[in-house]
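# A look at the structure
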Amino acid sequence: CRCCADSRRHSSILYSILRSEERAATPPAQQGPRRGQAARGCPCGSRRRVALRSPQVACKAASAVLVKTLRFVQNVPCFQELPLEEQLLLVRSCWAPLLVLGLAQDRVHFETVESAEPSMLQRILTARRQGEQPPPRGPAPGRPHHGPGGGSHLPSPGEIQALKGFLAKCWSLDISTKEYAYLKGTVLFNPDLPGLQCTQYIEGLQREAQQALNEHVRLIHRGDEARFAKLNVVLALLRSINANVIAELFFRPIIGAVNMDDMLLEMLCAKL
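The paragraphs below set out a description of the structure included in this document.

Here is what the cut-offs are and how they apply
- Residues numbered from 1 in each chain as written.
- Predicted model: local features only at pLDDT ≥ 70, side-chain atom pairs only at ≥ 80, totals over all residues.
- Heavy atoms only, no water.
- Helix = DSSP H or I, 4+ residues; strand = E, 2+ residues; numbered from the N terminus.
- Buried < 20%, exposed > 50% of the residue type's maximum accessible area, 1.4 Å probe, protein only.
- Contact = heavy atoms within 4.5 Å.
- Areas by Shrake-Rupley, 256 points an atom, 1.4 Å probe, with all protein chains shown as cover.
- Polar contact = N/O pair within 3.5 Å; in protein donor to acceptor, adjacent residues only side chain to side chain.
- Core = buried A, V, L, I, M, F, W, Y, C linked by side-chain atoms within 4.5 Å.
- Expected span 1.5 Å × (residues − 1).

As a further point, take the overall build of the chain. Regarding its fold elements, the chain presents 12 helices and two strands. Along the chain, from the amino end to the carboxyl end, the secondary structure elements read α-β-α-α-α-β-α-α-α-α-α-α-α-α. Split into buried and exposed, the 272 residues of the chain put 40% on the buried side. Counted over contacts in the chain with a minimum sequence separation of 6, partners at least 24 positions apart contribute 85%. When the accessible area of the chain is evaluated, it comes to approximately 15300 Å², of which 50% is carbon and sulfur surface.

Here you go:
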């Protein structure tokens, strides 16, 4: 497409994802919260947060999965027939669920450690002592915020537990390569996104992906009548995947401040 005239140039962001050797210090394990404090969500105490135990290994694996995911998307002929604006809308909305499916397919394991995230009151008091402006309250919904001053939002233990639970669910089903492809197609072609112009066409593509999955399951798993329903449960669980959590967990440790929309656009227009 015309927007990709410079796609053959070296992608600095993509290079950073694949080649970054930046050392990331392992966050120290945090002792349990004071009695009665974290359980009530006390606004003046530290909240339990989670970080990767080995960021270099896990982030490199996730970055490789992201490249493979976008390569998969680019190789779908029906996707390439869509206008660029429609392609970007679809990718921006589903990159995180597609990435998590890729993590499951490649059986990427990762370990985490608990850390401490200062409360808003602690951050304000610290900023005042240092003569700085108080940090913002958090990222806008649906888009990771990576401003100066380390305004990141480490995932909570519950968010990590949900992510690991999803991966374990996929592994227990022993999903095949074709089933993963049909699941990805169902996730990619989401006709319910605001701003789409080719809604009926995209809805038809999603329907075709679901029908292909159903036919494949009937052919290969004739004795398992519940398998198609189980795979649809996987799709339902994907809706709870938070893109902010995925970005903060797997990409901020190696590339720091980044706008995922800009990175996805650059990678989508690059020849992966």
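From this point, things continue past the structure.
Moving on, we get to the side chain of Glu-179. By secondary structure assignment, the location of Glu-179 is in helix 7 (residues 177-188). Polar contacts involving the side chain of Glu-179 include one to the side chain of Arg-227, which spans 2.9 Å. Not counting residues up to four positions away in its chain, the partners in contact with Glu-179 are Asp-174, Leu-213, His-216, Val-217, His-221, Arg-227 and Leu-231.

In this structure, Phe-79, Trp-95, Ile-246 and Phe-250 are the most contacted members of the largest nonpolar core, which totals 64 residues. In terms of residue count, helix 4 (residues 84-105) provides more of this core than any other element does, 12 residues in total. With near-sequence residues (within four places) excluded, Phe-250 lies in contact with Leu-52, Ala-58, Cys-59, Ala-62, Leu-103, Phe-110 and Leu-163.

Time to look at helix 8 (residues 199-220). Over its 22 residues, helix 8 extends 32 Å from the first C-alpha to the last, a length consistent with the 32 Å expected when each residue adds 1.5 Å. Looking at helix 8, one finds that the buried residues are Ile-202, Gly-204, Leu-205, Ala-209, Leu-213, His-216 and Val-217. Contacts made by the buried residues of helix 8 are with helix 3 (77-80), helix 4, helix 7 and helix 9 (227-238).

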